[in-house]
Number of protein chains: 2
Amino acid sequence: MTLTIEDARLYVRLGTHYRQAIRQGTLPPGARMPSVRGLMALHGVSMSTALQACRWLEGQGLLEARARAGYFVAAAARQGQTPRLPPAHEPAVAAPVDAARYVGVHQKVSSVLERALRAQVRVNLAGAVAAPDLYPLERLRQASLRVLRHHALHLVTPSLPGGEPSLRAALARHALEQQLQLRADEIVVTHGCTEALTLALRAVTQPGDVVAVESPTYYGLLQILESLSLQALEIPTSPHTGISLPALREAAARTPGLKAVAVIPNLQNPLGAIMPEAAKQELLAWCEAQDLALIEDDSYASFYDGPGTLRPIKSFDRSGRVILCSSLHKILAPGMRLGWMTGGRWQQRLEMLKYSQSRPNEALAQLAVADFFKAGHMTRHLRGMRARLAQQREQMAEALARHLPRESRMSLPSGGLSLWVELPEGSSSEVLFEAALAQGIRLAPGAMFSNSMRYDRFLRINCGLPFDAQLREAVACLGRLLAPQRAHL
Amino acid sequence: MTLTIEDARLYVRLGTHYRQAIRQGTLPPGARMPSVRGLMALHGVSMSTALQACRWLEGQGLLEARARAGYFVAAAARQGQTPRLPPAHEPAVAAPVDAARYVGVHQKVSSVLERALRAQVRVNLAGAVAAPDLYPLERLRQASLRVLRHHALHLVTPSLPGGEPSLRAALARHALEQQLQLRADEIVVTHGCTEALTLALRAVTQPGDVVAVESPTYYGLLQILESLSLQALEIPTSPHTGISLPALREAAARTPGLKAVAVIPNLQNPLGAIMPEAAKQELLAWCEAQDLALIEDDSYASFYDGPGTLRPIKSFDRSGRVILCSSLHKILAPGMRLGWMTGGRWQQRLEMLKYSQSRPNEALAQLAVADFFKAGHMTRHLRGMRARLAQQREQMAEALARHLPRESRMSLPSGGLSLWVELPEGSSSEVLFEAALAQGIRLAPGAMFSNSMRYDRFLRINCGLPFDAQLREAVACLGRLLAPQRAHL
């Protein structure tokens with residue numbers, strides 16, 4: 001059997017999908033793997049791809065072939081592995097949050113942030129940020145010093161519209177890895193992904209308009225919507241495969257004023273969900289048919305540690321329907337606040353809005369990062385960071401499984417900074433937040449990620465910090481705090 | 001006669017007012033100075049103040065006392081001085097631009113900028129920006145290097161909300177010189193004054209609202225208004241004393257939806273006008289009575305080279321009515337894009353909007369500038385820069401007087417980067433712009449500074465560049481281009 005490169009890409013992707021399910025316990029040891037014909041029908045792949053995927057999993061000791069019965073999950077597949085919570089539940093697709101029932105998230109988020117700032121925090125599990133030592137500080141410092149030694153004139157010269165050409169060229173080259181074809185002059189450098197999202201929303205909406213978002217979603221996006229007097233239409237979202245397209249279609253049909261969809265298709269914040277490529281294409285086609293703008297935050301794709309790379313929806317866009325927003329502050333340098341975007345059919349309007357909102361970014365950070373890219377450090381840095389994060393996620397997942405109540409559940413994404421934890425029925429993450437804060441532990445309660453209260457039973461847990469005894473003790477403390485909380489019910 | 005400090009401040013201010021008039025030729029040699037009683041009545045000062053002002057001018061050789069006849073402008077007052085155009089006309093107060101007749105300025109400005117970018121520009125008279133060598137590049141570079149050597153961790157650590165404490169403290173201390181009492185935590189560091197103005201307008205308006213502005217005014221402000229779907233109500237503004245309060249009152253009375261007044265009271269861009277302190281207080285009281293927000297752009301006050309300092313309106317504000325927006329990119333470092341603001345009663349909303357729009361500024365530039373302030377370099381830098389700019393303004397004013405048509409007029413402000421030039425009746429600065437661009441000379445036509453066409457006869461001329469033979473030849477070229485332009489009429 002001869003495999004093309006395309007076939008190879010397909011069977012590894014298919015295999016990874018099932019490896020994830022086995023590792024998470026969705027397919028427990030002894031469970032029957034779908035048959036080769038079943039896989040062909042379910043995933044629309046050829047027999048050779050289905051067969052190769054099973055053999056690939058078998059080669060890793062995750063499946064066992066039984067004569068005339070097909071493949072089964074190996075008894076040893078999770079043996080000797082770390083304990084693991086079962087995966088978070090899929091959402092009820094039927095119940096998107098009605099835009100009309102919109103409650104401002106800003107006050108909720110501010111209140112959480114303020115209480116946290118007033119407390120003595122020893123352990124911060126609330127952020128979605130990695131420890132400084134996961135970033136290439138010394139290389140960035142040297143690059144900045146070089147720029148100041150050789151090209152300091154930029155300090156006293158107005159910055160260039162759109163951004164520094166060297167950085168825009170480096171970003172365009174980097175985007176090629178995600179199968180994204182961009183010219184450097186199609187990229188606008190922004191003050192972080194936050195400014196990019198603000199500009200994107202300003203470009204395609206008027207106050208009062210409705211924007212469909214994942215539920216739960218990054219609270220910063222909800223704050224932007226609120227500050228622009230936009231309404232968030234929260235669409236049920238799977239912790240595994242992202243926004244529910246049936247729910248989106250249903251909600252859109254009964255929501256006047258819907259102008260845009262804003263999603264994080266790759267390693268969604270807070271869920272870690274990854275939209276399958278077919279779903280990305282389906283969403284794009286649907287936005288096209290509905291004449292909606294599609295705003296995509298792709299800040300986390302470089303954290304993916306599965307095979308291949310995650311494509312942004314923009315890479316499928318042929319008509320300029322997608323505004324892609326991304327950044328380097330999560331993956332390279334939290335303190336340099338470099339974001340970027342490309343605006344498709346709204347490019348000119350975005351350039352005008354960027355100019356009128358904050359003028360071009362200053363040059364120093366741009367030039368330093370361009371130097372870092374040029375020296376070829378980016379690929380190596382990302383490889384190292386992904387490995388560190390994978391280890392930290394595993395360690396945190398293990399600690400949570402050991403210490404949280406048995407009925408807890410959790411998403412373990414294939415990359416990124418966070419875990420999404422589902423506490424047992426009757427728990428309240430806001431109550432837990434207060435109790436934990438009194439112990440010096442800061443949490444991000446699920447309620448921050450929605451205008452509804454439907455995520456009060458959830459927590460986003462940061463895995464950006466090296467897992468040490470203090471973190472382990474903090475997780476144990478959460479377990480102790482949750483026990484009496486549940487006893488009250 | 002005993003003078004208090006307050007008296008001394010008054011007579012120097014009064015004297016400066018007349019010195020300006022004499023230097024500009026408004027009071028030509030031989031003209032009679034108003035009598036002491038006349039000065040008392042006109043300016044509401046005591047006899048001792050009026051008398052001291054005259055003696056102060058006499059001491060400078062600008063006035064001569066004639067027995068029993070009073071003071072006259074000395075014959076030598078302008079003798080040996082440079083030729084000078086008469087001052088620009090006062091505006092017709094009766095005709096504010098109707099907000100309903102609003103025409104977007106963005107397209108006009110973009111078109112001007114784009115045509116300029118496509119051309120081969122040898123001499124740029126269009127900006128309001130100083131040459132790099134007027135800025136303390138080496139000190140800023142050293143300060144940045146120090147920060148990178150000793151405190152580089154900020155590169156990989158999220159920035160602090162509101163800005164770096166050391167910079168906010170330095171800005172608060174610096175503001176004291178303008179009689180402005182601010183706590184460091186009342187200051188929000190922004191991406192330039194542009195972001196500050198955007199945030200201020202977002203805080204106090206909704207799309208469709210009307211904002212009163214000076215006419216002409218900085219085109220960047222008009223672009224922000226347009227991008228936020230706000231309407232600019234343009235109020236006639238004196239090239240000498242700023243916005244006309246009678247015109248503002250009259251326009252406000254017949255304009256529904258007016259929510260804010262946005263002014264540049266000190267060295268207005270493009271006019272160079274300075275609002276007298278009494279007018280600042282009157283505007284504030286009126287905004288108070290009308291319940292309007294007062295947004296103040298004070299980016300240029302440090303360029304003032306008269307006696308004393310120019311107070312921002314904010315320094316008179318007791319009720320939190322004024323949002324002060326300012327910046328360091330004009331006066332210290334064009335490439336570091338540091339702005340700041342303080343929001344009075346809207347402070348909390350501004351902090352929220354800043355956070356949701358672009359997150360806190362990155363730390364490096366803030367720490368470097370705080371270091372520069374701390375080393376005490378700011379005062380010396382500003383003194384040197386003011387002197388350089390004064391010389392350049394004088395040289396440009398002289399060249400314009402020599403080369404422009406005789407009927408031209410011009411404001412010569414007591415500081416800043418620009419001259420506002422009024423061309424003879426029938427001239428068009430847009431026509432001149434095109435003709436000059438063909439000669440490699442870039443201009444800022446008056447039409448950029450208004451939604452109306454009433455400033456087509458005006459030019460803003462940059463004095464930020466060292467005056468050299470090339471600049472002189474460029475001005476001569478403008479004179480040649482204007483001659484045939486007028487002959488057609």
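Residues numbered from 1 in each chain as written. Chains lettered and ligands numbered in written order. Predicted model: local features only at pLDDT ≥ 70, side-chain atom pairs only at ≥ 80, totals over all residues. Heavy atoms only, no water.

1. Details of the overall build of chain A
Part 1 of the reasoning: Tallying secondary structure elements over chain A gives 15 helices and 16 strands in all.
Part 2 of the reasoning: The C-alpha radius of gyration computed for chain A amounts to 23 Å, which stays within 12% of the reference 23 Å derived for 489 residues, consistent with globular compactness.
Part 3 of the reasoning: Considering only C-alpha atoms, chain A reaches an extent of 70 × 60 × 50 Å along its principal axes.
Part 4 of the reasoning: Only carbon and sulfur atoms are counted for the fraction: they give 54% of the accessible area of chain A, which is about 18400 Å².
Part 5 of the reasoning: The centroid of the 54 positive side-chain charges in chain A is displaced by 4 Å from the centroid of its 41 negative side-chain charges. (Helix = DSSP H or I, 4+ residues; strand = E, 2+ residues; numbered from the N terminus. Rg over C-alpha atoms; globule rule 2.2 N^0.38 Å. Areas by Shrake-Rupley, 256 points an atom, 1.4 Å probe, with all protein chains shown as cover. Lys, Arg positive; Asp, Glu negative; His and termini not counted. Charge placed at Lys NZ, Arg CZ, Asp CG, Glu CD.)

2. Focus: empty space enclosed by the protein
Part 1 of the reasoning: Tallied over the full model, the rule gives seven cavities of 30 Å³ or more.
Part 2 of the reasoning: Secondary structure elements with two or more residues in the lining of the largest cavity: α7 (192-204) of chain A together with α7 (192-204) of chain B.
Part 3 of the reasoning: Per-class residue counts for the lining of the largest cavity are eight nonpolar, eight polar and four charged.
Part 4 of the reasoning: The calculated volume of the second largest cavity comes to roughly 160 Å³.
Part 5 of the reasoning: For the second largest cavity, the lining is made up of 17 residues, of which A:Glu362, A:Leu364, A:Ala365, B:Leu364 and B:Ala365 are closest to its centre.
Part 6 of the reasoning: Contributing elements (two or more residues each) for the lining of the second largest cavity: α12 (363-374) of chain A together with α12 (363-374) of chain B.
Part 7 of the reasoning: Among the elements that take part in the lining of the second largest cavity, α12(A) stands out by supplying three residues, more than any other. (1 Å grid on protein atoms, 1.4 Å probe; cavity = no way out; pocket = protein on both sides within 12 Å on 5 of 7 lines; lining within 4 Å. Points joined across faces, edges and corners; volume = space filled by probe spheres on them. Nonpolar A, V, L, I, M, F, W, Y, C, P; charged D, E, K, R; others polar.)

3. A few points about the pairing of strand β13 (residues 418-422) of chain B
All names here are of chain B.
Part 1 of the reasoning: Counting buried residues along β13, five of its five residues qualify, which places the element largely inside the surrounding structure.
Part 2 of the reasoning: Because side chains alternate across β13, one face comprises the buried residues Ser418, Trp420 and Glu422, and the other comprises Leu419 and Val421, equally buried.
Part 3 of the reasoning: As paired elements, strand β12 (residues 409-411) and β13 share three bridges and run antiparallel to each other. Bridge pairing in β13 links arginine 409 to glutamate 422.
Part 4 of the reasoning: The antiparallel pairing of β12 with β13 creates a hairpin that spans six residues between the two strands, and glycine 415 there sits at a positive phi of about 145°.
Part 5 of the reasoning: As defined by bridge partners, β13 adjoins strand β16 (residues 458-462) across five bridges and the pair is classed as antiparallel. By the bridge assignment, tryptophan 420 is partnered in β16 with arginine 460. (Buried < 20%, exposed > 50% of the residue type's maximum accessible area, 1.4 Å probe, protein only. Pairing = 2+ DSSP bridges.)

4. Some details on the interface of chain A and chain B
Part 1 of the reasoning: Contacts between chain A and chain B engage 52 residues on the former and 52 residues on the latter.
Part 2 of the reasoning: Approximately 4400 Å² of surface area, both sides summed, lies buried where chain A meets chain B, with 62% of it carried by carbon and sulfur atoms.
Part 3 of the reasoning: Inspection of the region where chain A meets chain B yields zero salt bridges.
Part 4 of the reasoning: Between chain A and chain B we count 19 residue pairs in polar contact (both at pLDDT 80 or more) in total.
Part 5 of the reasoning: Counting residues per element, the ones that place at least two in the side of chain A that touches chain B are α4 (106-118), α5 (137-150), α7, α8 (219-227), α11 (347-358) and α12 of chain A.
Part 6 of the reasoning: Counting residues per element, the side of chain A that touches chain B draws most heavily on α5(A), at seven residues. (Contact = heavy atoms within 4.5 Å. Buried area = accessible area lost by both parts, 1.4 Å probe. Salt bridge = Lys/Arg side-chain N within 4 Å of Asp/Glu carboxyl O. Polar contact = N/O pair within 3.5 Å; in protein donor to acceptor, adjacent residues only side chain to side chain.)

5. Things to note about the domain arrangement of chain A
Accessible area lost upon the coming together of the parts is a frequently used measure of interface size.
Residue and element names in this part refer to chain A.
Part 1 of the reasoning: As assigned here, chain A comprises domain 1 (10-73), domain 2 (105-133 + 380-482) and domain 3 (136-377).
Part 2 of the reasoning: Across the boundary between the two partners, domain 2 contributes 29 residues, which contact 33 residues of domain 3.
Part 3 of the reasoning: Between domain 2 and domain 3, a total of about 2600 Å² is buried, with carbon and sulfur atoms accounting for 57% of that surface.
Part 4 of the reasoning: Taken together, the links from domain 2 to domain 3 amount to one salt bridge.
Part 5 of the reasoning: For arginine 393, the salt bridge goes to aspartate 305, with nearest N and O atoms at 2.9 Å.
Part 6 of the reasoning: Counting the contacts that link domain 2 with domain 3 gives twelve residue pairs in polar contact (both at pLDDT 80 or more).
Part 7 of the reasoning: Counting residues per element, the ones that place at least two in the side of domain 2 that touches domain 3 are α4, α13 (377-403) and β13 (418-422).
Part 8 of the reasoning: Here the side of domain 2 that touches domain 3 is composed, by residue class, of 14 nonpolar, ten polar and five charged. (Domains from an automatic or database assignment.)

6. A short note on α7(A)
Part 1 of the reasoning: If you check α7(A), its first and last C-alpha atoms are 19 Å apart, about what 13 residues at 1.5 Å a residue would give, namely 18 Å.
Part 2 of the reasoning: Where burial is concerned, most of α7(A) is hidden: 13 out of the 13 residues are buried. (Expected span 1.5 Å × (residues − 1).)

7. Quick look at the pattern of salt bridges
A side chain of one charge can pair with a side chain of the opposite charge if their charged atoms are brought near each other.
Part 1 of the reasoning: Scanning all chains against the criterion turns up 42 salt bridges over all chains.
Part 2 of the reasoning: A:Glu288 is the partner of A:Arg345 in a salt bridge, and the nearest nitrogen-oxygen pair spans 3.7 Å. Of this pair, A:Arg345 sits in the loop between β11 (338-342) and α11 while A:Glu288 sits in helix α10 (residues 277-290), and the two are 57 residues apart along the sequence.
Part 3 of the reasoning: A:Arg345 gets classed as partly exposed once you look at its relative accessible area, which sits at 41%.
Part 4 of the reasoning: Across the pair B:Glu282 and B:Arg249 runs a salt bridge whose closest N-O atoms are separated by 3.0 Å. Taken as a pair, B:Glu282 in helix α10 (residues 277-290) and B:Arg249 in helix α9 (residues 245-253) lie far apart in primary sequence, 33 residues in all.
Part 5 of the reasoning: B:Arg249 gets classed as partly exposed once you look at its relative accessible area, which sits at 34%.
Part 6 of the reasoning: A cluster of three or more residues bridged by salt bridges with shared partners is formed by A:Glu288, A:Asp291, A:Arg321 and A:Arg345.

8. Description of the side chain of A:Ser326
All names here are of chain A.
Part 1 of the reasoning: With respect to the secondary-structure elements, serine 326 resides in strand β10 (residues 322-327).
Part 2 of the reasoning: A distance of 3.3 Å separates the side chain of serine 326 from the backbone oxygen of aspartate 298, its partner in a polar contact.
Part 3 of the reasoning: Beyond its immediate sequence surroundings of up to four residues, serine 326 is in contact with Cys193, Asp298, Ser299, Gly339 and Trp340.

9. Quick look at the packing of aromatic side chains
Part 1 of the reasoning: Overall, the coordinates contain twelve aromatic pairs over all chains when judged by the stated rule.
Part 2 of the reasoning: Across from the ring centre of A:Trp346, 5.6 Å away, lies the NZ or CZ of A:Arg345, which sits over that ring. (Phe/Tyr/Trp six-rings, centres within 6.5 Å; stacked < 30°, edge-to-face > 60°. Lys NZ or Arg CZ within 6 Å of the ring centre and 35° of its normal.)

10. What to know about the sheet that holds strand β8 (residues 258-263) of chain A
Residue and element names in this part refer to chain A.
Part 1 of the reasoning: The strand order across the open sheet built from eight strands is β4-β11-β10-β9-β8-β5-β6-β7, with neighbouring strands paired in mixed fashion. Strands with a single pairing partner mark the edges of an open sheet, and in this sheet they are β4 (188-191) and β7 (242-243).
Part 2 of the reasoning: The pairing of β4 with β11 spans four bridges and is classified as antiparallel. By the bridge assignment, threonine 190 is partnered in β11 with glycine 339.
Part 3 of the reasoning: Contacts from α11 reach β4, β10 and β11 within the one sheet, and its direction differs from that of β4 by about 40°. (Axes fitted to C-alpha atoms, helices over the stretch in contact; angles between N-to-C directions.)

11. Some details on α12(A)
Part 1 of the reasoning: When the terminal C-alpha atoms of α12(A) are compared, their 16 Å separation across twelve residues agrees well with the 16 Å that a helix rising 1.5 Å per residue should span.
Part 2 of the reasoning: Within α12(A), ten of the twelve residues are buried, which leaves it mostly tucked inside the rest of the structure.
Part 3 of the reasoning: Burial in α12(A) covers these residues: A:Ala363, A:Leu364, A:Ala365, A:Gln366, A:Leu367, A:Ala368, A:Val369, A:Ala370, A:Phe372 and A:Phe373.
Part 4 of the reasoning: Considering only its buried residues, α12(A) is in contact with α5, α6 (165-176), β4, β11 and α13 of chain A together with α12 of chain B.

12. Considering the relation of the copies chain A and chain B
Part 1 of the reasoning: Superposition of chain A onto chain B requires a rotation of 180° combined with a translation of 0.1 Å along the rotation axis, giving an RMSD of 0.2 Å. On this basis, the relationship between the two copies can be described by a two-fold rotation axis. Proximity to the rotation axis, assessed at the C-alpha, singles out A:Leu145 in chain A; its C-alpha lies 3.3 Å from the axis.
Part 2 of the reasoning: Comparing contact sets, 98% of the residues at the interface of chain A also lie at the interface in chain B, consistent with an isologous, same-surface contact. (Least-squares fit on C-alpha atoms with pLDDT ≥ 70 in both.)

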